[in-house]
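Each chain is listed here by its residues.
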Amino acid sequence: MGVLEIMRGGIFLFPFNLLLYIYTNKDYICKSIFQETAMSKHKFKTEVNQLLELIIHSLYSHREIFLRELISNSSDALDKLKYLTLTDEGYKKLHFDPRIDITFDEDGQKTLSVADNGIGMNEKELEENLGTIARSGTKNFLSSLSGDARKDSGLIGRFGVGFYSSFMAAERVEVVTRRAGEEQAWKWESDGKNGYTVSETQRDSFGTTVTLFLNEDGKEYASRWKIEDVIKKYSDHIAFPIFLAYDQATWDKDGKETGKEHKVEQINSAGALWRRNKSDLTDADYNEFYKTIGHDTEDPLLYMHTKAEGTQEYTTLFYVPKTAPFDLYQADYRPGVKLYIKRVFITDDAKELMPVYLRFLRGIIDSEDLPLNVSREILQQNRILAGIRSASVKKVLSELKSLSETNPEKYTEFITQYNRPLKEGLYADFANRETLLELIRFKSSEVEGFTGLAAYAERMKEDQKAVYYIAGADEDTLRNAPLLQSYKKKGYEVLIMDDEIDEIVVPSIGKYKDFELKAINRSGTDEDLKTDEDKKKEKDIQPLLDKMKDILGEKVKKVVAGVRLTEAPSCIVADENDPTVKLQQMLKALGQKDMPEFVPILEVNPESDIIRKLKDTKDEELLKDATELLLEQAYLLEGIEPKKPAEFVGRINRVMNRAL
């Protein structure tokens, strides 16, 4: 009974009894008053409630990962304190013997506890770390979930369930923690449904203990054998010793149980996996290590383990996730590569470790040469790290190139997820552009799936003078673009570039080997296709083209006759140095509001019956309406609606009226 219950129970009606109760229970009451006044109740942030609901109901088939996540958190806490004891004068005097301890109670309530003597948390850190999800894009991530438990379980795994996975196995979770260098300890409690409480408490030393009061599904984890099995499977590589405490029955010579012996045994190998020889490791070893550092439930698509010796000594272990991280296209994405120096964890949030276009990588860089007290500013300018980064990028790209040659099916899996980031590299990493040009893939007018530039070049016609492509935002629109037909008719393959970034990076390439890259939806590209007969037809309808330009005025740069159209009477193309209409729309969406309006070139088909009839018409009103419609329908074919729908409909009605 707490002091509030005493008051509610009416004891104040009997002063003598109250005084007697207080006197005989003064220590308990003082403690009760202290705890109740110090305790604060909090509600979870909305996104935490959503994530908890999804975790509990979607990850049922991966319930055991809660223990992996808790041990990973303990390892991170030990890493952080280890670094401080080596670099910060305020922590160097701490007695620090890093370890993780697991205890369980298999009787009664059935509990499981994971304790560490790492950095610990104070009250503010508790609320920041366990009351909200301080990760960018959380709301976007949650909105991307489908509601299908099986599909969403993979997404949640890639998001990183962390501490909250505890509620898959527990009906209530208690966290007792004390930050290194501070005296006050704190207790966090929650059932995962109705918010959480934070109160002052006691802890003999710094660190954190997480206690799970196991639910029906989780009670199987209050078992020595189950815990050891999960640790061996997921956490054997953790670089700090993990100890398991348990009671083992003792027996006499006749096989009769005589009692129980309390034992504490280390149950992991406690060696940095990336430091071990590759010949001693299996695919399973690599995959389970990835799942821990990548917080994923799937095996990685591939991994790359490198040990460099000589001028610089370092070890790298990189993974490519099978599915792209959810925050891949967010400016404040979370880096996936951790930096260690001589096996001491330094940071996991330095975007300088790898170039932005390889931000999907997960893994480890462990250097022998960097100073332990390296700062963020030093990281940005350090020659040693720059050398490691440069060599690592070349290694990763080399491995990807090898994969593309030896396992095309697996490489297609990679491209499906990471083609766009590689294209960013074309623009950002000039030193590796040639390699990247061999790695990127495009869709094509002639082949199914993806194709590379090398394969395209092998299929080129003998008389073909350039690599042709058409860029825009929608694949279906591009495949049905009127401009494409004449190239297909001549047997010229055209690359279909429907990724928004294509229009930014591809013009910067210029050439692939000896071939220029030419966009067929830009002016001038059709010169490769023109014959003397085509030039004669163009000259014949020049008077009509002049009239059409006068009608359209500033709406177009010019009106020209082209040979790229086979059936459609008209299309719009961009001037050679202008952004296309789709690129301009994208740039405006990115905030460049002051861009001038897109002014296209109207290209007409001299062979079209409509153009032939307009060439001979004397009806000026019909010519005016038809010219405007030719421009507007060309915009429609690009997926762009008329600016003035009422005027557009009026013109259609007038032309229809003349035809009926």
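Residues numbered from 1 in each chain as written. Predicted model: local features only at pLDDT ≥ 70, side-chain atom pairs only at ≥ 80, totals over all residues. Heavy atoms only, no water.

Sorry, what's going on with the sheet that holds strand 19 (residues 515–519) here?
Either a parallel or an antiparallel arrangement is found when strands of a sheet pair, and the pairing is made through backbone hydrogen bonds. Overall, mixed pairing links the five strands, which are arranged 15-17-16-19-18 in an open sheet. In this open sheet, the two strands that pair with only one neighbour each are strand 15 (443–444) and strand 18 (511–512). Of the strand pairs in this sheet, strand 16 (residues 466–471) and strand 19 are connected by four bridges, and their pairing is parallel. Residue Ala 466 lies in a different strand from strand 19, and its bridge partner there is Glu 516. Sitting on the sheet, helix 18 (residues 502–509) is in contact with strand 16, strand 17 (494–497), strand 18 and strand 19, with an inclination near 165 degrees to strand 16. (Pairing = 2+ DSSP bridges. Helix = DSSP H or I, 4+ residues; strand = E, 2+ residues; numbered from the N terminus. Contact = heavy atoms within 4.5 Å. Axes fitted to C-alpha atoms, helices over the stretch in contact; angles between N-to-C directions.)

Please clarify how helix 20 (residues 542–552) should be interpreted in this entry.
Think of an α-helix as turning once every 3.6 residues; residues three or four places apart then point the same way. Taken as a whole, helix 20 has its buried residues at Leu 544, Leu 545, Met 548 and Leu 552. Along helix 20, the residues classed as buried sweep out an arc of 100 degrees about the axis, all on the same side. Those residues of helix 20 that are buried are in contact with helix 19 (532–540), strand 20 (558–561), strand 22 (601–604), helix 22 (609–616) and helix 23 (620–637). The positive-phi residue at the C-terminal boundary of helix 20 is Gly 553, with phi of around 55 degrees. (Buried < 20%, exposed > 50% of the residue type's maximum accessible area, 1.4 Å probe, protein only. Arc of directions from axis to C-beta.)

Looking at this model, I keep getting lost on the pattern of salt bridges. Mind explaining?
For the coordinates displayed, the defined rule picks out 40 salt bridges. Residues Glu 228 and Arg 224 are paired through a salt bridge, measuring 3.3 Å at the closest nitrogen-oxygen approach. Here Arg 224 and Glu 228 lie together in helix 9 (residues 224–235), a separation of four residues that amounts to about one turn. A relative accessible area of 15% places Arg 224 in the buried class. Connected via shared salt-bridge partners are Lys 443, Glu 475, Arg 479 and Asp 498. (Salt bridge = Lys/Arg side-chain N within 4 Å of Asp/Glu carboxyl O.)

Quick question: what am I supposed to make of unusual backbone geometry here?
With the exception of glycine, the majority of residues adopt a negative phi angle, and the majority of peptide bonds are in the trans configuration. You will see that Ala 270, though not glycine, has its phi angle at about 55 degrees, which is positive. Looking at the element boundaries, Ala 270 is found in the loop between strand 9 (257–266) and helix 10 (283–294). The exposure class assigned to Ala 270 is partly exposed, which follows from its relative accessible area of 23%. The phi torsion at Arg 343 lies on the positive side, around 70 degrees, for a residue other than glycine. Secondary-structure assignment places Arg 343 in the loop between strand 12 (337–341) and strand 13 (344–347).

How should the sheet that holds strand 13 be read in this particular structure?
Spatial strand order, 10-11-14-12-13: five strands in an open sheet with mixed pairing. Each edge of the open sheet carries a strand with a single partner, namely strand 10 (302–308) and strand 13. The mean inter-strand angle of the sheet, taken between neighbouring strand axes irrespective of direction, is 20 degrees. With seven bridges joining them, strand 10 and strand 11 (residues 314–320) adopt antiparallel strand pairing. For His 305, the partnering residue across the bridge sits in strand 11 and is Leu 317. Against the sheet, helix 12 (residues 383–406) touches strand 10, strand 11 and strand 14 (362–367), its axis set at about 45 degrees to strand 11.

Explain the side chain of Glu 424 here, please?
Along the chain, Glu 424 turns up in helix 13 (residues 408–428). Here Arg 359 takes part through its side chain, which lies 2.9 Å from a polar atom of the side chain of Glu 424. When sequence neighbours within four positions are dropped, the list of residues in contact with Glu 424 reads Tyr 329, Tyr 357, Arg 359 and Ile 501. (Polar contact = N/O pair within 3.5 Å; in protein donor to acceptor, adjacent residues only side chain to side chain.)

So what exactly am I meant to see when it comes to the pairing of strand 13 here?
Within a regular beta strand, the side chains point alternately toward one face of the sheet and then the other, so they alternate between its two faces. With three bridges connecting them, strand 12 and strand 13 associate as antiparallel partners. Bridging across to strand 13, Ile 341 finds its partner in Val 344. Counted along the chain from strand 12 to the antiparallel partner strand 13, the turn is two residues long, and its residue Lys 342 has a positive phi close to 50 degrees.

Explain the packing of aromatic side chains to me, please; I cannot follow it from the model alone.
Working definition: an aromatic ring pair is given by the centre-to-centre distance plus the angle between the planes. For the structure shown, the criterion picks out 18 aromatic pairs. With centroids separated by 6.4 Å and ring planes inclined at 45 degrees, the aromatic side chains of Phe 289 and Tyr 319 adopt a geometry described as tilted. In this pair, Phe 289 sits in helix 10 while Tyr 319 sits in strand 11, placing the two residues 30 residues apart along the sequence. For the pair shown, Phe 289 and Tyr 319 are each scored as buried. Between Tyr 468 and Tyr 487, the ring centres sit 5.0 Å apart and the planes meet at 55 degrees, which makes this aromatic pair tilted. Of the two residues, Tyr 468 sits in strand 16 while Tyr 487 sits in helix 17 (residues 482–489), which places them 19 residues apart along the sequence. (Phe/Tyr/Trp six-rings, centres within 6.5 Å; stacked < 30°, edge-to-face > 60°.)

What is the right way to read the nonpolar core from this model?
Taken as a class, soluble globular proteins show a tendency for nonpolar side chains to be buried jointly. Counting residues in each nonpolar core, the largest one holds 126 residues, and the members touching the most others are Phe 163, Trp 188, Phe 414 and Leu 422. Among the elements that make up this core, the one with the highest residue count is helix 5 (residues 65–87) (ten residues). If we skip the residues at most four places from it in the chain, Phe 163 touches Leu 70, Asn 73, Leu 130, Val 173, Val 175, Trp 188 and Val 210. Core analysis: the next-biggest nonpolar cluster, separate from the first, contains 22 residues, Val 559, Ala 561, Ala 626 and Leu 631 among them. (Core = buried A, V, L, I, M, F, W, Y, C linked by side-chain atoms within 4.5 Å.)

Looking at this structure, how should I read the pairing of strand 4 (residues 170–178)?
Burial within strand 4 is extensive, with seven of its nine residues counted as buried. Hairpin geometry of strand 4 and strand 5 (residues 185–190) is characterised by an intervening segment of six residues between the two adjacent antiparallel strands and by a positive phi of about 90 degrees at Gly 181.

Looking at this structure, how should I read the environment of Glu 64?
Position of Glu 64 among the secondary structure elements: in the loop between helix 4 (46–58) and helix 5. Glu 64 sits in the buried class, given a relative accessible area of 14%. Sequence separation between Glu 64 and Val 230 is 166 residues; the distance between their C-alpha atoms is 7.0 Å. Once residues lying within four places of it in the same chain are set aside, the contact partners of Glu 64 are Tyr 221, Lys 226, Val 230, Lys 233 and Tyr 234. Only 2.8 Å separates the side chain of Glu 64 from the side chain of Lys 233, close enough to count as a polar contact.

What am I meant to see in the packing of helix 19 against helix 20 here?
Geometrically, a packed helix pair is captured by the angle between its two axes and the distance between the axes. Look at helix 19 against helix 20: their axes get within 4 Å of each other, and the N-to-C directions meet at 55 degrees. Taken as axis vectors, helix 19 and helix 20 run oblique relative to one another. For the pair helix 19 and helix 20, contact is made by Glu 538, Lys 539 and Asp 540 and by Gln 542, Pro 543 and Leu 545, respectively. Of the residues belonging to the contact of helix 19 with helix 20, the class tally is two nonpolar, one polar and three charged. (Parallel < 35°, antiparallel > 145°, perpendicular 65-115°, else oblique. Nonpolar A, V, L, I, M, F, W, Y, C, P; charged D, E, K, R; others polar.)

What is the right way to read a negative patch on the surface from this model?
Among the surface-exposed residues, Asp 105, Glu 106, Asp 107 and Asp 247 lie close enough to one another that they form a single negatively charged patch. Topologically, Glu 106 is positioned in the loop between strand 2 (100–105) and strand 3 (111–116). (Patch = residues over 30% accessible without salt bridge, like charges linked within 9 Å, V, L, I, M, F, W, Y side chains within 5 Å. Areas by Shrake-Rupley, 256 points an atom, 1.4 Å probe, with all protein chains shown as cover. Lys, Arg positive; Asp, Glu negative; His and termini not counted. Charge placed at Lys NZ, Arg CZ, Asp CG, Glu CD.)

Which parts of the structure should I look at to understand the confidence of the model for the chain?
Of all residues in the chain, 85% have pLDDT values of 70 or greater, and the mean over the chain is 84. Segment residues 26–37 is flagged for pLDDT under 50; beyond a separation of four residues in sequence, or across chains, it makes 14 contacts in the model. In this model, residues 153–158 is a region of pLDDT below 50 whose contacts with residues beyond four sequence positions or in other chains number 23 contacts. (pLDDT = per-residue confidence, 0-100.)

What's the story with the side chain of Asn 521 in this structure? I'm lost.
Tracing the chain through its elements places Asn 521 in the loop between strand 19 and helix 19. Looking at Asn 521, the relative accessible area reads 7%, which means it is buried.

What should I look at first to understand the packing of helix 12 against helix 13 in this one?
At their nearest, the axes of helix 12 and helix 13 sit 6 Å apart, and the two run at 130 degrees to each other. Classified by the angle between their axes, helix 12 and helix 13 sit oblique to one another. Every pair of crossing elements has a handedness; the one defined by helix 12 and helix 13 is left-handed. Within the contact between the two elements, helix 12 uses Leu 400, Leu 403, Ser 404, Glu 405 and Thr 406 and helix 13 uses Pro 408, Lys 410, Tyr 411 and Phe 414. Class assignment for the residues of the contact of helix 12 with helix 13 results in five nonpolar, two polar and two charged. (Left-handed = near helix turned anticlockwise from the far one by under 90°.)

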